[in-house]
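Listed below, chain by chain, are the residues.
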Amino acid sequence: MIKQHLCLALLVSAACNAFAADGQYDFPKIEVSGYGTIGAARSDKEDSLYRSSTIQESGAKKDWDFGVDSVVAVQLHAKASPMLSFMAQGVSRKGLGDSYDPEILWATANIDPMPGLSIRVGRTILPLFSHSDTLYLNHVRDWIRPPPEVYTLAPYKNLDGIDAVYRFSAGSYLVEAQSFFGVSRLPIPSGNADLNGVHGIRIGVAQDAFSALVSYARAQVTVGVYGDVFDRINAGADRAKLSGVKEQISGSDGVATYKSVSFKYEKPSFTVTGEYARREVTAYYGSAHAWYMGVSKKIGAFTPYAYTARQKSDSPAIKSFTPYPSLNASLEFLNAARNNAQRSTVIGVRYDISDKVAFKLQGERILPDKGAWGVFRPADFANVTISREQPIHVVGFSFDFYF
Amino acid sequence: MTGVRSNITSLSRTDAEALFLGYAPLYNDRRGSALVDAPPGPVREELYQKLTGRTPAQINAHWSRLVFTGKGMPPQEAKSVADAKEIITSGVNVIGYVTKNELSPSLRVLYVIQ
């Protein structure tokens, strides 16, 4: 153990204006960085597809699937002056239609009017929950991926709008306050589920090993749908002259609120973390709440971990049914598809190969709730077996890196 | 070892911790500051361990979160202790750290970590 005594030393070499601190740099200053995950997963079922996001249309069965978690991202950060910078992050990951087409995850102009305060305009972050802004940045977590129980509550990736982040210290507390406003577009299988007029706030406080986050957001929900199931429901409702059926499935009158509270207790030898999140929606989707609780133990380069997670439905997407059994069957199908309720028990180990590369091996037992698909998707829509209260076991490994 | 016209004459432990974790300390005049890190190694590890209670891996994860969410950039990394001293003394409002035996008259001590 080193017993040297360290000093922090400061030198001021000249009178300086408010932002002369950056005077040592030449502008513009451009930096390229990136991160990624190469991962594979497989399950013990051939009739259901394991996904890490509900917008993926395929997933892992009994064969190894490299599309569930693999991701690569490149970030460009350009500082034009001490107060003005630009940032863009492009990501390639399996998304809608199983496409790996690169997309611009974030692209902002950042204005820093004073130390600690950053105002960002453009495509920015939608920080609804604790891991929302690091969804693909897997090397910052011990686990292979954020718990789907919480993160399927809001599969949104970004926000077109404006946010302000203020990071400061107050007494012995380190505080990060963030507010945001904008719209979030989300193409989904067979339609879109957009958030308009998103406005919210997130407050993070840290002191020593303990940190906590609280967030709240509210938005208008617009859902557009197409495809066989919806055509069948719409045709059936029209034939039976039923009103109110289509309005339960799509429209622009929904209001959603998202709430989350999370904590982390992080010591050099162990970490305990947990989150509770809630989604309340007035139309198109059901309301649900979710939580996880996890613990990790650091033993040299190895970090064994375990967590348990749960999502529970509070109300179904479609609340009223019809006198027609065949139409009701389609509505029940839709309710199950929009219900991600499940519970997971997960164990794994992380091995830090170097500062910038980690290997993870993880096994999980997942039990979708009755009448819910959980994070899965049926391999065959004509023979849906997910909701039969059978546990599904998934194993996965990943290499996470950044540069 | 004092800067001639600086308002910053000392740094509390909380301010120092905040600075090296990417938070803005509440300076009276809200002046900006630039940070310099020692190269990866025992000096840097001891600094972060004693100041923030975090391991190198935890610090790396912390800065990754900030960098890849556009919330901040980590301290400039010096190539050596001599390079760190050079950056501190040639820059403006640059804050860094050295071991006690590396102190020189051109450096002002703000806070001593025992």
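A. Region of interest: the overall build of chain B. Along chain B, the regular secondary structure elements total four helices and four strands. Element order for chain B, N to C, with α for helix and β for strand: α-β-α-α-β-α-β-β. Among the 114 residues that make up chain B, the fraction classed as buried is 58%. At a minimum sequence separation of 6, the contacts of chain B that also span at least 24 residues come to 64%. Summed over all atoms, the accessible surface of chain B reaches about 4,600 Å², with 51% contributed by carbon and sulfur.

B. Representation of the overall build of chain A in the model. Within chain A, the regular secondary structure consists of four helices and 20 strands. Computed over C-alpha atoms, the radius of gyration of chain A comes to 23 Å, within 12% of the 22 Å expected from 2.2 N^0.38 for 403 residues, which places it in the range of a compact globule. Residue pairs at least 24 apart in sequence account for 63% of intrachain contacts in chain A once pairs closer than 6 positions are excluded. Here chain A has roughly 16,600 Å² of accessible surface; of this, 61% comes from carbon and sulfur atoms.

C. The arrangement of the packing of helix H2 (residues 228-239) of chain A against helix H4 (residues 325-337) of chain A in detail. All names here are of chain A. As a packed pair, H2 and H4 sit with axes 10 Å apart at the nearest point and diverge in direction by 140°. In the packing of H2 onto H4, the handedness of the crossing is left-handed. Judged by residue contacts, Val-229, Phe-230, Arg-232, Ile-233, Gly-236 and Ala-237 of H2 engage Leu-327, Ser-330, Leu-331, Phe-333 and Leu-334 from H4. Taken together, the residues of the contact of H2 with H4 sort by class into eight nonpolar, two polar and one charged.

D. H4 of chain A, seen in detail. Residues and elements named next belong to chain A. With 13 residues, H4 extends 18 Å from end C-alpha to end C-alpha; this agrees with the ideal 18 Å at 1.5 Å per step. Listing the buried residues of H4 in full gives Leu-327, Asn-328, Ser-330, Leu-331, Phe-333, Leu-334, Asn-335 and Ala-336. Where H4 is buried, its residues contact H2 and helix H3 (246-249).

E. Layout of the pairing of strand E4 (residues 71-81) of chain A. All names here are of chain A. Pairing between strand E2 (residues 29-43) and E4: nine bridges, direction antiparallel. Residue pairing across strands places Val-32 opposite Leu-76, the latter belonging to E4. Inspection of the sheet shows E4 paired to strand E5 (residues 84-93) by ten bridges, in the antiparallel sense. Considered in E5, the bridge of Val-71 is made with Arg-93.

F. Local environment of empty space enclosed by the protein. Residues and elements named next belong to chain A. With the rule as written, the count across this model stands at three cavities of 30 Å³ or more. Forming the walls of the largest cavity are 18 residues, and the residues nearest its centre are Ser-52, Ser-53, Arg-93, Leu-135 and Tyr-136. Grouping the amino acids of the lining of the largest cavity by side-chain chemistry returns nine nonpolar, five polar and four charged. Roughly 70 Å³ of internal volume is contained in the second largest cavity.

G. Spotlight on a nonpolar patch on the surface. Residue and element names in this part refer to chain A. Residues Ile-38, Trp-64, Phe-66, Ile-299, Phe-302, Tyr-351, Ile-353, Val-395 and Phe-399 make up a contiguous nonpolar surface patch of about 840 Å² in total accessible area. Of all the secondary structure elements, the ones that give two or more residues to the nonpolar patch are strand E17 (342-354) and strand E20 (392-402). Following the sequence through the fold, Ile-38 ends up in strand E2. On the accessibility criterion, Ile-38 (46% relative accessible area) is partly exposed.

H. The pattern of salt bridges, seen in detail. In this structure the tally under the stated criterion is 25 salt bridges over all chains. Salt-bridge contacts for Lys-61 of chain A lead to Glu-46 of chain A; the nearest nitrogen and oxygen are separated by 3.9 Å. With a gap of 15 residues between them, Lys-61 of chain A in the loop between strand E3 (48-50) and E4 and Glu-46 of chain A in the loop between E2 and E3 connect regions that are remote in the sequence. Judged by its relative accessible area of 40%, Glu-46 of chain A is partly exposed. Counted as one network, the salt bridges with shared partners bring together Asp-133, Arg-167, Glu-176 and Arg-202 of chain A together with Lys-71 of chain B.

I. Spotlight on the environment of Gln-342 of chain A. Residues and elements named next belong to chain A. Structurally, the position occupied by Gln-342 is in strand E17. Residue Gln-342 is classed as buried on the basis of its relative accessible area of 1%. Considering only alpha carbons, one finds Gln-342 and Trp-373, 31 residues apart in sequence, at a separation of 8.1 Å. Other than its neighbours up to four places away in sequence, Gln-342 contacts Pro-148, Glu-149, Ala-309, Arg-310, Gln-311, Ile-366, Leu-367, Pro-368, Asp-369, Gly-374, Val-375 and Phe-376.

About the cut-offs
- Residues numbered from 1 in each chain as written.
- Chains lettered and ligands numbered in written order.
- Predicted model: local features only at pLDDT ≥ 70, side-chain atom pairs only at ≥ 80, totals over all residues.
- Heavy atoms only, no water.
- Helix = DSSP H or I, 4+ residues; strand = E, 2+ residues; numbered from the N terminus.
- Buried < 20%, exposed > 50% of the residue type's maximum accessible area, 1.4 Å probe, protein only.
- Contact = heavy atoms within 4.5 Å.
- Areas by Shrake-Rupley, 256 points an atom, 1.4 Å probe, with all protein chains shown as cover.
- Rg over C-alpha atoms; globule rule 2.2 N^0.38 Å.
- Axes fitted to C-alpha atoms, helices over the stretch in contact; angles between N-to-C directions.
- Left-handed = near helix turned anticlockwise from the far one by under 90°.
- Nonpolar A, V, L, I, M, F, W, Y, C, P; charged D, E, K, R; others polar.
- Expected span 1.5 Å × (residues − 1).
- Pairing = 2+ DSSP bridges.
- 1 Å grid on protein atoms, 1.4 Å probe; cavity = no way out; pocket = protein on both sides within 12 Å on 5 of 7 lines; lining within 4 Å.
- Points joined across faces, edges and corners; volume = space filled by probe spheres on them.
- Patch = residues over 30% accessible without salt bridge, like charges linked within 9 Å, V, L, I, M, F, W, Y side chains within 5 Å.
- Salt bridge = Lys/Arg side-chain N within 4 Å of Asp/Glu carboxyl O.

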